[in-house]
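The chain contents come next:
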Amino acid sequence: MLQSPECVARNLKDSSQEMLDKEEDHYVDSSSDLAKGDNHYHHYHRILLEPQEKKSTDFKEYVVQKLKKTCCCSPAKAKNWFFGFMPVLQWLPKYDLKKYLLGDIMSGLIVGILLVPQSIAYSLLAGQEPIYGLYTSFFAGIIYFLFGTSRHISVGIFGVLCLMIGEVVDREVHKAGYGMEHKAYPGLFDHINESIIIPAVNHTSGQICDKSCYAITVGTTVTFIAGVYQIAMGLFQVGFVSVYLSDALLSGFVTGTSFTILTSQAKYLLGLNIPRSSGMGSLITTWIYIFKNIHKTNLCDLVTSLLCLLVLVPTKELNEHFKSKLKAPIPTELVVVVAATLASHFGKLNEKYGSSIAGHIPTGFLPPKAPDWNLIPNVAVDAIAISIIGFAITVSLSEMFAKKHGYIVKANQEMYAIGFCNIIPSFFHCFTTSAALAKTLVKESTGCQTQFSSVVTAMVLLLVLLVVAPLFYSLQKCVLGVITIVNLRGALRKFGDLPNMWRLSKMDTVIWFITMLSSALISTEIGLLTGVCFSMFCVILRTQKPETPILGHVEETEIYESLCAYKNLQTEPGIKIFRFVAPLYYINKEGFKSTLYKKTVSPILVKAARKKAAKRKLREKTVTFSGCQDDVSISLSHEPPELHTIVIDCSALQFLDTAGIQTLKEVRKDYADIGIQVLLAQCNSSVRSSLYSGEYCTKEEETLLFYSIHQALCFALDLQKQKALNASNGLNTSTD
């Protein structure tokens, strides 16, 4: 409420000390009180702000109310929960056949055609046989159709997760002793057409299980645990974990793992039979193996790889260049797979040249099988990184396309959906899935309207599983390696975005490089952890070295900005306005104090100088009183106006901890010792509450916390005028 003009007039006659003693409320100055035409400030009106009364809540009562609200059940609430848990029940009854069906069928067919060769190719990356990649893509699409809230994303095999699964599988297979049954360094499917494996006992289950069987057992166990983690994150509402995976971090991680994927597929392009490296430094180790065995390159595989590259790379570029004109992308990968399979079969490349082929791919579905519970302790830690990457990419893609097309996705439901896409298929010989950007872009660009397109894609894969799969027997593995490598172009092109990223944010660019290099040169899991830790370190670093400008105001306004950033800003003699652009807490408290002292005046140096001057004065015994007075007047005439007030702009101070409050107390005391007052301006409610709780000021001093810089400045000027007036009156009295 505004005070009356009479009250304002009375307040103007009071001294500044009386204002401090009597004023016990919080005030804000009016914006119309800046003097115009001169460089001085007049007295200002004040607006009374009455704080809200906080309701005292009993913790026990609060918990009881929450439990009642959560646990109570009604038919309407049960229906809403069930429909929210299975979103398909909400949108499928409203499905507009005329509007959506054609686009969904078209996009579903095209994505299904693209998924067939990719599913087979990525199976190599995951250390599995081709049939399991087809199973994974089939089940993932069906389950996401039931539980997902995004209309556009394509959930299925994702290269980065396949690489991470493959590393775990290779480690566990080697630990179980399956690598010893080969005569030489085995490929993934060598037991089909190159060497004979002696059946080994799976020591965890006591059953007879060959290498292929044990590999998919490890893969399904990791997938099951990753799905459990994702469901748990949904139940406990911990989706905020994805916040720590910034765009720069994810981009660097995907690019770094792309180098590892490329390296792991290089041996197939050359037809080399070398062991798969895993663990730290696997990229370097693999290239050492490759160069040591380069003389054993299979010329048939090399020529086939080059021909496939010459076909796939230009056609992929044409697809991207003319995507606005093409109704559907050219399914070059499927054409290449069919042509290569026919050439290998009729040319008998395996028999004549020893070219490695995919081998027998069975039709139909294998009986369901539970994951191996005894393997869980071995793979539980690996599943953490896999689950986080899976849901982070899925949620980010869902939100990106939802924003683009103007609908809402539920991040928590997306975690449930991707969790079930891993848990349920793990009983059907599948490995980990997530959304994939490349297939999602194809799906969107070909007319997808709803997740019904995923059902169409699943039907295409079902046809392959029931009829077509055995026809890929003669497909060379080098062709699958080429398909995998060509699909890495998007991630490797991120290097072209670096100049623009550097201009926008140097810190993000450094995060990108650190994550990319650690993911490529050390390992995928350590690379992800390194990226997260380095990102958090950068956040802390930014608060340790924040901007700390001295402010000035634009003439005849109440706008205050940095003197270093803008020209023609006005300052008031004897007043410094200091802004600290960061929270004040234990990490940066010393930096805050040292910067403030450096940019204003150091109380420590002033005290030392005064002590030194006092000692010097004691030694000057021959100076007369009149001579001393003359010296003082001469020295004062050459010194700039004395600093009497420091205003700290707290608008960028998000929070204070106990160390921050104590630092403000120390600063205030240090300046008070040398006759300088410290005023705090623009404190938010959280900072004010912390200051009150930390007893920064007494009840009578609460008016020293100002709601604007301008109010603090006017207060300081008025106070100095009152002091000057009092000093003048005192001088006249003494003269009389």
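Residues numbered from 1 in each chain as written. Predicted model: local features only at pLDDT ≥ 70, side-chain atom pairs only at ≥ 80, totals over all residues. Heavy atoms only, no water.

A. How the structure looks around the overall build of the protein. Counting its regular elements, the protein contains 30 helices and 12 strands. The proportion of buried residues among the 736 residues of the protein is 49%. By sequence separation, contacts in the protein at least 24 residues apart represent 81% of the contacts at least 6 residues apart. For the protein, the exposed area adds up to about 37,600 Å²; of that, 64% sits on carbon and sulfur atoms. (Helix = DSSP H or I, 4+ residues; strand = E, 2+ residues; numbered from the N terminus. Buried < 20%, exposed > 50% of the residue type's maximum accessible area, 1.4 Å probe, protein only. Contact = heavy atoms within 4.5 Å. Areas by Shrake-Rupley, 256 points an atom, 1.4 Å probe, with all protein chains shown as cover.)

B. Just the sheet that holds strand β11 (residues 677-681), in detail. The strand order across the open sheet formed by 6 strands is β8-β7-β9-β10-β11-β12, and the pairing between neighbours is mixed. Both edges of this open sheet fall to β8 (560-562) and β12 (705-706), since each of them pairs with a single strand only. Contacting β7 (550-553), β9 (575-579) and β10 (645-649), helix α25 (residues 589-599) crosses the sheet at an angle of about 150° to β9. On the sheet, helix α28 (residues 658-673) packs against β10 and β11 and is oriented at approximately 145° with respect to β11. (Pairing = 2+ DSSP bridges. Axes fitted to C-alpha atoms, helices over the stretch in contact; angles between N-to-C directions.)

C. Examining the environment of Gly108 more closely. Residue placement: Gly108 occurs in helix α6 (residues 97-125). For the pair Gly108 and Val442, spaced 334 residues apart in the sequence, the C-alpha separation amounts to 9.9 Å. Discounting chain neighbours no more than four positions away, the residues touching Gly108 are Ser453, Val456, Thr457 and Val460.

D. Summary view of the pairing of β9. With 4 of 5 residues buried, β9 lies mostly within the body of the structure. Summarising the sheet, β7 and β9 pair through 2 bridges and their orientation is antiparallel. Its bridge partner lying in β9, Leu551 is registered against Ile577. Bridge analysis of β9 against β10 gives 5 bridges, and the strand direction is parallel. Counted as the bridge partner of Lys576 is Ile646 from β10.

E. Seen up close, the environment of Ile294. As for its position among the elements, Ile294 is in the loop between α12 (282-292) and α13 (299-321). We classify Ile294 as partly exposed; its relative accessible area is 39%. Sequence separation of Ile294 and Lys267 is 27 residues, and the distance between their C-alpha atoms is 9.5 Å.

F. Representation of the packing of helix α16 (residues 376-405) against helix α17 (residues 411-423). Following both chains from N to C, one finds α16 and α17 inclined at 130°, their axes separated by 10 Å at the closest point. Taken as axis vectors, α16 and α17 run oblique relative to one another. Considering how the two elements wind past one another, α16 and α17 form a crossing that is right-handed. Contact residues: Phe391, Thr394, Val395, Ser398 and Glu399 in α16; Ala411, Glu414, Met415 and Ile418 in α17. (Parallel < 35°, antiparallel > 145°, perpendicular 65-115°, else oblique. Left-handed = near helix turned anticlockwise from the far one by under 90°.)

G. Structural context of a positive patch on the surface. A cluster of like positive charges, contributed by Lys611, Lys612, Lys615, Arg616 and Arg619, occupies part of the molecular surface. Position of Arg619 relative to the elements: it lies in helix α26 (residues 603-619). (Patch = residues over 30% accessible without salt bridge, like charges linked within 9 Å, V, L, I, M, F, W, Y side chains within 5 Å. Salt bridge = Lys/Arg side-chain N within 4 Å of Asp/Glu carboxyl O. Lys, Arg positive; Asp, Glu negative; His and termini not counted. Charge placed at Lys NZ, Arg CZ, Asp CG, Glu CD.)

H. Representation of the side chain of Gln677 within the structure. Within the secondary structure layout, Gln677 lies in strand β11. Of the residues examined, Gln677 reaches a relative accessible area of 18% and is grouped as buried. In this structure Gln677 touches His644, Thr645, Ile646, Phe715, Ala716 and Leu719, once residues within four positions along its chain are discounted.

I. Inspection of the pattern of salt bridges at higher detail. In this structure the tally under the stated criterion is 12 salt bridges. With its nearest N and O atoms 2.9 Å apart, the salt bridge here joins Lys404 to Glu444. In this pair, Lys404 sits in helix α16 while Glu444 sits in helix α18 (residues 437-445), placing the two residues 40 residues apart along the sequence. For Lys404, a relative accessible area of 56% corresponds to the exposed category. Glu561 is the salt-bridge partner of Arg579, the closest N and O atoms lying 3.9 Å from each other.

J. Spotlight on the confidence of the model for the protein. On average, residues of the protein score 79 in pLDDT, and 82% of them are at 70 or above. Residue range residues 180-206 is modelled with pLDDT below 50. Its contacts to residues more than four positions away, or to other chains, number 63 contacts. Per-residue pLDDT stays below 50 along residues 732-736; that stretch engages in 0 contacts with residues further than four places along the chain or on separate chains. (pLDDT = per-residue confidence, 0-100.)

K. Examining the packing of α25 against α28 more closely. Contact pair α25 / α28: the axes reach a minimum separation of 10 Å and the direction vectors enclose 25°. When the interaxial angle is binned, α25 and α28 end up roughly parallel. The way α25 lies across α28 gives a crossing that is right-handed. Residue-level inspection shows Lys589, Phe592, Lys593, Leu596 and Tyr597 of α25 in contact with α28, the latter providing Ala659, Thr663, Leu664, Glu666, Val667, Asp670 and Tyr671. Tallied by class, residues from the contact of α25 with α28 come to 7 nonpolar, 1 polar and 4 charged. (Nonpolar A, V, L, I, M, F, W, Y, C, P; charged D, E, K, R; others polar.)

L. Representation of the nonpolar core. Val218, Val222, Leu245, Phe472 and Val479 are the most contacted members of the largest nonpolar core, which has 108 residues in total. Residue contributions to this core peak at 12 residues, all from α16. Among all residues touching Leu245, those that are not within four sequence positions of it are Leu250, Ile388, Ala392, Leu528 and Val532. Membership of the second largest hydrophobic core comes to 29 residues, among which are Ile646, Leu656, Ile661 and Cys683. (Core = buried A, V, L, I, M, F, W, Y, C linked by side-chain atoms within 4.5 Å.)

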